[in-house]
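Chains, contacts and geometry: an overview
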Amino acid sequence: MTVVIDETHDPALKSWVASANGHADFPIQNLPLGIFSPPGQVPRGGVAIGDMILDLAGAVEAGLFEGVPLLAARAAMGDTLNPLLAMEAEPRRALRRRLSALFAEGSPERTKVEPLLHRAQDCAMHLPARIGDYTDFYVGIHHATNVGRVFRPDNPLLPNYKHVPIGYHGRASSIRASGAPVRRPNGQRKAPDADAPTFGPSQRLDYELEMGIWIAEGNELGEPIPIQAADRHIAGLCLLNDWSARDLQAWEYQPLGPFLAKNFLTTISPWIVTAEALAPFRIAQPPRPEGDPRPLPYLWSEEDQKAGAFAIELEVSIASARMREERVPPMRLSRGPASNMYWTAAQIITHHASNGCNLQPGDLLGTGTISAPTDDGFGSLLEITRGGKQPITLPTGETRTFLQDGDQLFLSGRAQREGYVPIGFGPCHGIIIPAPAA
Ligand code: CA
């Protein structure tokens, strides 16, 4: 594992881009990569800095890069970041160092960089990469236990859970960047006491708070990824909302697992917060509770246990249509640390490739819903409302068991650790719109 902390993480570093200094998500220590369109223009690679976005193609044209950083910038200036993700970490790190120098207070290139900045609020964001494959895991052990209890009261955690990072292949085509409307799905649902299923709009539409792991270099088909090497396959992280239709899920999930209850849409935050930016926020994986089995050797690395988790605080909030009309700020539904994962990102990756399955640059892995052990940190309404039995009350007096049309859900994440400038992921939200006529 190579956790490199360098001058780009210096907490004293300030930018001449005034909005970056003290920015909740994008101070100069972050420098996430994404694909954006300036007004009326085609999608291209960019870097977020404060409230602004740097056009990488413009910066290349202006001659602001040379050597290795130029190779990396060229790989990031098209309409997807896949070419950059296919590179090793070193070019990404070299690009980061150059960008940090360009944006730093006192940079002699300020006058060349300034005209290449666009106001983020005027730009459209897109998916940062062509996602070849998307896999969703289930490593939030408190979520797995809570949900298991709803579906199987006597047997919440299945016997494989503590041995295998559980996952399923999701759907890449319906992943969307933050802000895309979420159309309520129609589907088959059957109440436990009903004789037969019916088809219509999901009545139990939910969200799932997850993190996404962007895959950098892939592996050849048939060649597993040893856990000691797993880290360099992580390009970065994002926030991920795995919208879930619980009524469809309950009826369809056996025996093959999630299908139409999950694949109608998945929302992600569109910036890749790079593994390099996250280096200072690597923390030890919480020890397994006494009595839990030790993972099989192929999933175990002392180094990964020492620094395989991330110090990221996650938060979910909601605003109904009425709350937005009445200008009531969103209400927080939960808050908790991303370290509530039973398996590390490296273990997820190694397990995925352990049978020779080939991961590719731009693949996306979801962690699974991350819940804290206590009520104030549950990562889905299924858990918060105890399967719809305990409604929550919004500031307007409206109540919710599951999401209504017009509800807007916000995920946010903040990496923070003593001695470093906190960095964030930017917005990850979506508004529920009505189902099409069934
Ligand atoms: Ca999920």
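Nothing here was measured: the structure is a model prediction, and the numbers come from that model. (Residues numbered from 1 in each chain as written. Predicted model: local features only at pLDDT ≥ 70, side-chain atom pairs only at ≥ 80, totals over all residues. Heavy atoms only, no water.)

What follows is about the pattern of salt bridges. According to the stated counting rule, one finds 22 salt bridges in the structure shown. One salt bridge connects Asp6 with Arg97, and the closest N-O pair in it is separated by 3.2 Å. Taken as a pair, Asp6 in the segment before strand E1 (33-37) and Arg97 in helix H4 (residues 89-103) lie far apart in primary sequence, 91 residues in all. For Arg97, a relative accessible area of 30% gives the class partly exposed. Glu90 serves as the salt-bridge partner of Arg93, at 3.1 Å between the closest nitrogen and oxygen. Here Glu90 and Arg93 lie together in helix H4, a separation of three residues that amounts to about one turn. (Salt bridge = Lys/Arg side-chain N within 4 Å of Asp/Glu carboxyl O. Helix = DSSP H or I, 4+ residues; strand = E, 2+ residues; numbered from the N terminus. Buried < 20%, exposed > 50% of the residue type's maximum accessible area, 1.4 Å probe, protein only.)

On to the nonpolar core. Judged by nonpolar contacts, the single largest core of 66 residues is most densely connected at Met211, Trp243, Leu278, Ile312, Leu333, Ile349 and Leu409. Top contributing element to this core by residue count: helix H10 (residues 345-353), with five residues. Those residues within four positions of Ile349 in sequence are excluded, and the remaining contacts are Ile213, Ile215, Ile225, Ala230, His233, Ile234, Leu359 and Leu365. Counting residues in hydrophobic clusters, the runner-up holds 45 residues, among them Trp16, Ile28, Cys238 and Leu240. (Core = buried A, V, L, I, M, F, W, Y, C linked by side-chain atoms within 4.5 Å. Contact = heavy atoms within 4.5 Å.)

The next point concerns the coordination of the calcium ion. Distances from the calcium ion to its protein donors, namely Asp136 (OD), Glu208 (OE), Glu210 (OE) and Asp242 (OD), fall within the range 2.2 to 2.4 Å. In the primary sequence, the donor residues of the calcium ion line up as D-x71-E-x1-E-x31-D. Note that Glu210 is positioned in strand E13 (residues 209-215) and Asp242 in the loop between strand E14 (234-241) and strand E15 (244-245), a separation of 32 residues in sequence. What makes Glu210 buried here is its relative accessible area of 0%. (Donors = N, O, S within 2.8 Å, 3.2 Å for Na, K, Ca; no water.)

With antiparallel pairing, the five strands of this open sheet are ordered in space as E4-E3-E2-E1-E5. Edge positions in the sheet fall to strand E4 (117-119) and strand E5 (124-126), since each has one partner strand and no second. Pairwise comparison of adjacent strand axes, ignoring direction, gives a mean angle of 50° for this sheet. Sheet topology note: the E1/strand E2 (residues 44-49) ladder contains four bridges and is antiparallel. Each bridged residue has a counterpart across the sheet, and for Ile35 the counterpart in E2 is Gly45. Most of the contacts of H4 go to E2, to which it runs at about 55°, and overall it touches E2, strand E3 (52-55) and E4. (Pairing = 2+ DSSP bridges. Axes fitted to C-alpha atoms, helices over the stretch in contact; angles between N-to-C directions.)

With 15 residues, H4 extends 21 Å from end C-alpha to end C-alpha; this agrees with the ideal 21 Å at 1.5 Å per step. Counting buried positions along H4 gives 11 out of 15 residues, so the element sits mostly inside the fold. Turning to H4, its buried residues are Ala89, Pro91, Arg92, Arg93, Ala94, Leu95, Arg96, Leu99, Ser100, Leu102 and Phe103. (Expected span 1.5 Å × (residues − 1).)

Of the two faces of strand E27 (residues 428-433), only one is covered, namely that formed by Cys428, Gly430 and Ile432; the face formed by His429, Ile431 and Ile433 stays uncovered. Bridge count for strand E9 (residues 182-183) against E27 is two bridges, and the pairing is parallel. When the sheet's bridge partners are listed, Arg183 is paired in E27 with Ile433. Pairing of strand E25 (residues 408-415) with E27 involves four bridges; the strand directions are antiparallel. Residue pairing across strands places Leu411 opposite Cys428, the latter belonging to E27.

This paragraph deals with the packing of helix H2 (residues 67-75) against H4. The interhelical angle for the contact between H2 and H4, taken along N-to-C directions, is 100°, at an axis separation of 8 Å. Taken together, the axes of H2 and H4 lie roughly perpendicular to each other. Counting all contacts with H2, which are made through Val68, Pro69, Ala72 and Ala73, the residues of H4 involved are Pro91, Ala94, Leu95 and Arg98. Class assignment of the residues belonging to the contact of H2 with H4 gives a composition of seven nonpolar, no polar and one charged. (Parallel < 35°, antiparallel > 145°, perpendicular 65-115°, else oblique. Nonpolar A, V, L, I, M, F, W, Y, C, P; charged D, E, K, R; others polar.)

On to the domain arrangement of the protein, then. Structurally, the protein comprises domain 1 (7-126) and domain 2 (134-433). Summarising the inter-unit geometry, the C-alpha centres of domain 1 and domain 2 are found 28 Å apart. Across the domain 1/domain 2 interface, buried area totals approximately 2,200 Å², and carbon plus sulfur atoms make up 64% of it. For domain 1, the biggest contributors to the area lost against domain 2 are His9, Leu85 and Arg92; these three give 26% of the whole. At the boundary of domain 1 and domain 2, one finds one salt bridge. The partner of Glu276 in a salt bridge is Arg92, and the shortest N-O contact between them spans 2.9 Å. At the junction of domain 1 with domain 2, the criterion picks out nine residue pairs in polar contact (both at pLDDT 80 or more). Taken together, the elements giving at least two residues each to the side of domain 1 that touches domain 2 come down to E1, E2, helix H3 (82-85), H4 and E5. (Domains from an automatic or database assignment. Buried area = accessible area lost by both parts, 1.4 Å probe. Polar contact = N/O pair within 3.5 Å; in protein donor to acceptor, adjacent residues only side chain to side chain.)

Enumeration over the complete set of coordinates arrives at six aromatic pairs. Between Tyr342 and Trp343, the ring centres sit 5.6 Å apart and the planes meet at 85°, which makes this aromatic pair edge-to-face. What links up through ring pairs into an aromatic cluster is the set Tyr138, Tyr161, Tyr342 and Trp343. Above the face of the Trp343 ring, Arg288 is positioned so that its terminal group lies 4.5 Å from the ring centre. (Phe/Tyr/Trp six-rings, centres within 6.5 Å; stacked < 30°, edge-to-face > 60°. Lys NZ or Arg CZ within 6 Å of the ring centre and 35° of its normal.)

Attention now goes to unusual backbone geometry. For the bond running from Gln254 to Pro255, omega is 5°, close enough to zero to count as cis. Its place among the elements puts Pro255 in the loop between helix H7 (246-252) and strand E16 (266-268).

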